[in-house]
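Coordinate inspection notes
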Amino acid sequence: MPHVVTQSCVGDGSCVYACPVNCIQPTPDDPAFEHAEMLHVDPAACVDCGACVTACPVDAIKPHHRLDAGERAFLAVNAAYHRTPRRRPSLAPVRPPLRVRRHDRPLRVAIVGSGPAAIYAADEILTIPGARVSVYERLPVPYGLVHAGVAPDHRRTRRIARQLDAICADPRLRMHLGVEVGRDVTRDELLATHDAVVYAVGAAADRRLEIPGAELPGVASATELVAWYNGHPDHADRAFDLSHRRAVIVGNGNVALDVARILTVDPATLEGTAIAPRALEALRASRIEEVVVVGRRGPAESAFTLPELIGLSATPGVDLAVADPADAFAGIASDDPKLALLRGLAPAGDGGRRITLRYRLTPARIDGGDRVTGIAFTRTGGGGAPTAIDAGLVVTAIGYRGMPVDGMPFDAATGTIPNDDGRVLDPGSGEAIPGLYVVGWIKRGPTGFIGTNKSCSQDTVRALVEDFNDGLLRPAEGRRAAADRATA
Ligand code: NAP
């Protein structure tokens with residue numbers, strides 16, 4: 001009876017190292033790991049020991065006989081990955097432990113931000129005996145997108161907070177909540193008391209849709225809407241007009257699916273979740289019946305992942321359909337699992353709450369006078385008549401974007417801090433700036449899952465420790481008083 005990885009997989013690789021027969025793939029050393037949508041148990045090799053179940057921080061792995069109806073599709077998804085035989089060692093290769101060659105003083109690191117990338121970096125640093133970490137978070141609550149980004153009804157994914165709590169319980173880690181670096185304490189003050197400062201500030205803004213009408217009332221970004229329903233203090237007082245029967249979401253990544261689901265599920269199913277009470281109240285009064293999720297390319301290029309699509313297709317009380325399937329799938333021969341699921345969806349109906357996926361539409365103009373009345377698209381690649389969709393709410397879900405950090409170099413094209421393996425680079429000289437590092441989305445851009453940050457942070461910490469060993473970091477001793485004063 002094999003075990004099965006299901007929707008809430010965060011891809012941190014914990015299960016891989018727990019497995020005694022290395023049957024969970026891809027492993028973090030595999031180049032496929034970085035872009036994998038989830039990990040997969042090989043049903044033919046699984047010895048049913050359950051070690052992976054214990055190791056998974058988000059309870060994503062279940063024995064085959066405990067899958068509920070909505071999860072059964074994951075048995076085939078896990079098995080399909082292993083249909084192509086791959087050579088693998090008997091155990092997943094483990095990274096060698098960090099080695100510190102300097103023992104004259106302990107390593108002290110400040111981390112700016114407290115999302116998963118920050119806490120995974122802290123976890124790695126704290127593997128070094130005597131090392132100390134200070135985490136600075138501007139909000140009164142830690143863990144960034146774990147609270148502010150993960151959908152409130154994704155209860156299992158949110159359990160990652162338990163693992164982050166366990167890491168932060170180390171007495172060598174000090175968490176400074178409500179302290180903004182740049183306002184309450186400066187970078188130079190942190191550098192004066194620490195060997196290094198690691199920026200883990202994420203991608204706080206959203207990409208803007210630059211078309212006429214984008215500024216009309218009734219147009220919102222997914223970043224705002226997600227922050228609102230998750231009770232983020234910067235957005236808790238927002239109000240969104242949910243009085244029209246249709247909303248349109250531009251972009252079809254996982255964020256778009258989250259927003260579409262929250263706007264269409266029976267609000268009763270959100271009770272008892274982490275949803276903000278004001279948002280739940282607004283959703284109870286909502287008149288939205290249909291959310292149209294629009295991709296500018298075809299179904300094969302859908303940006304959402306297979307696990308999220310499976311989860312969405314099994315959402316009780318919400319119909320999911322592809323509009324005009326004959327046109328959407330025209331010319332697509334491939335039948336990969338995502339396309340097969342999309343093709344197998346029942347045709348769109350016009351009753352009940354529903355999510356409709358539309359393809360090959362490029363947003364051209366948002367219509368309305370004093371507020372939004374709809375959105376017009378052209379067919380991507382030309383040809384065909386323009387398409388207009390009536391809607392009272394248009395949500396742009398076209399990706400997050402990193403914001404410049406005061407006093408730090410910034411690459412406006414990628415929305416990241418320029419870096420080499422996490423070492424911040426001076427754009428003028430191209431040389432690493434001693435003591436400054438990055439992890440997470442501000443390092444590599446807004447892609448991947450919570451667990452993707454683990455290997456990203458481990459790589460940066462490895463570079464940091466190399467620099468510490470090579471004597472490239474400034475000695476911290478004797479310069480502690482200034483920052484202690486600043487954070488007191
Ligand atoms: P995303 O996956 O990058 O998707 C962005 C979408 O916006 C794509 O469909 C993209 O189309 C479209 N787009 C970009 N510019 C556009 C434009 N000018 N006009 C029309 N469409 C445009 O971004 P995301 O959904 O914000 O997700 C960010 C990351 O967080 C992803 O790695 C995602 O998997 C992750 N995440 C995961 C979960 C989960 O696992 N449950 C939940 C939320 C987020 P093209 O593909 O054509 O560029």
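Not measured: the values here are computed from a predicted model. (Residues numbered from 1 in each chain as written. Predicted model: local features only at pLDDT ≥ 70, side-chain atom pairs only at ≥ 80, totals over all residues. Heavy atoms only, no water.)

**What to know about the site of the ligand**
Around the ligand sit 23 residues in total, of which N252, N254, R296, R297 and G448 are the nearest. In the model, an oxygen atom of the ligand is placed 3.1 Å from a nitrogen or oxygen of the V255 main chain. A397 places a main-chain nitrogen or oxygen 3.5 Å from an oxygen atom of the ligand. Here the ligand, which alone exposes 920 Å², has 80% of that area covered by the protein. Ranked by residue count, the leading element in the shell around the ligand is helix 10 (residues 254-264), at three residues. Taken together, the residues that form the shell around the ligand break down as 11 nonpolar, seven polar and five charged. (Near = heavy atom within 4 Å. Polar contact = N/O pair within 3.5 Å; in protein donor to acceptor, adjacent residues only side chain to side chain. Areas by Shrake-Rupley, 256 points an atom, 1.4 Å probe, with all protein chains shown as cover. Helix = DSSP H or I, 4+ residues; strand = E, 2+ residues; numbered from the N terminus. Nonpolar A, V, L, I, M, F, W, Y, C, P; charged D, E, K, R; others polar.)

**Considerations on helix 11 (residues 277-284)**
Among all positions in helix 11, only A279, L280 and L283 are buried. All buried residues of helix 11 project into a common sector of 100 degrees when viewed along the axis, lining one side. For helix 11, exposure combined with an orientation more than 90 degrees from the buried face picks out P277 and E281. Considering only its buried residues, helix 11 is in contact with helix 9 (222-229) and helix 10. (Buried < 20%, exposed > 50% of the residue type's maximum accessible area, 1.4 Å probe, protein only. Arc of directions from axis to C-beta. Contact = heavy atoms within 4.5 Å.)

**So, the environment of P212**
Locating P212 in the fold gives a position in the loop between strand 9 (205-206) and strand 10 (219-221). Among all residues touching P212, those that are not within four sequence positions of it are A364, R365 and I366.

**Description of the pattern of salt bridges**
One pass over the structure, following the stated rule, counts 30 salt bridges. Between R238 and E224 there is a salt bridge, with the nearest N and O atoms lying 3.4 Å from each other. One end of the pair, R238, is in the loop between helix 9 and strand 11 (246-250); the other, E224, is in helix 9, and 14 residues separate them in sequence. In this structure E224 comes out as buried when scored by relative accessible area, which is 19%. The network of salt bridges with common partners includes D59, R159 and R162. (Salt bridge = Lys/Arg side-chain N within 4 Å of Asp/Glu carboxyl O.)

**Remarks on helix 7 (residues 160-168)**
When we look at burial in helix 7, the residues that qualify are I160, A161, L164, I167 and C168. In an axial view of helix 7, the angular spread of the buried residues amounts to 115 degrees, which keeps them on one side of the axis. If you follow the buried residues of helix 7, they end up packed against helix 4 (116-125), helix 5 (145-148), helix 6 (155-158) and strand 7 (173-177).

**Points about the packing of aromatic side chains**
Counted according to the given criterion, the structure contains two aromatic pairs. Taking 5.2 Å as the distance between ring centres and 45 degrees as the angle between the ring planes, the aromatic pair formed by Y400 and W441 counts as tilted. On the criterion of sequence distance, the pair formed by Y400 in strand 19 (residues 400-401) and W441 in helix 15 (residues 441-444) is long-range, its members being 41 residues apart. Against the face of Y81 rests R86, its NZ or CZ located 4.2 Å from the ring centre. (Phe/Tyr/Trp six-rings, centres within 6.5 Å; stacked < 30°, edge-to-face > 60°. Lys NZ or Arg CZ within 6 Å of the ring centre and 35° of its normal.)

**As for the environment of K62**
Secondary-structure assignment places K62 in strand 4 (residues 61-63). With 60 residues separating them in the primary sequence, K62 and P2 have C-alpha atoms 8.7 Å apart. With residues up to four places along the chain from it excluded, the contact list for K62 reads P2, H3, V4, L67, D68, E71 and R156. Of note is the side chain of K62, whose polar atom sits 2.7 Å from the side chain of E71.

**Section: the confidence of the model for the protein chain**
Per-residue confidence for the protein chain gives a mean pLDDT of 94, with 97% of residues at or over 70. Within the model, pLDDT remains below 50 along residues 477-488, and this stretch shows 17 contacts once partners closer than five positions in the same chain are excluded. (pLDDT = per-residue confidence, 0-100.)

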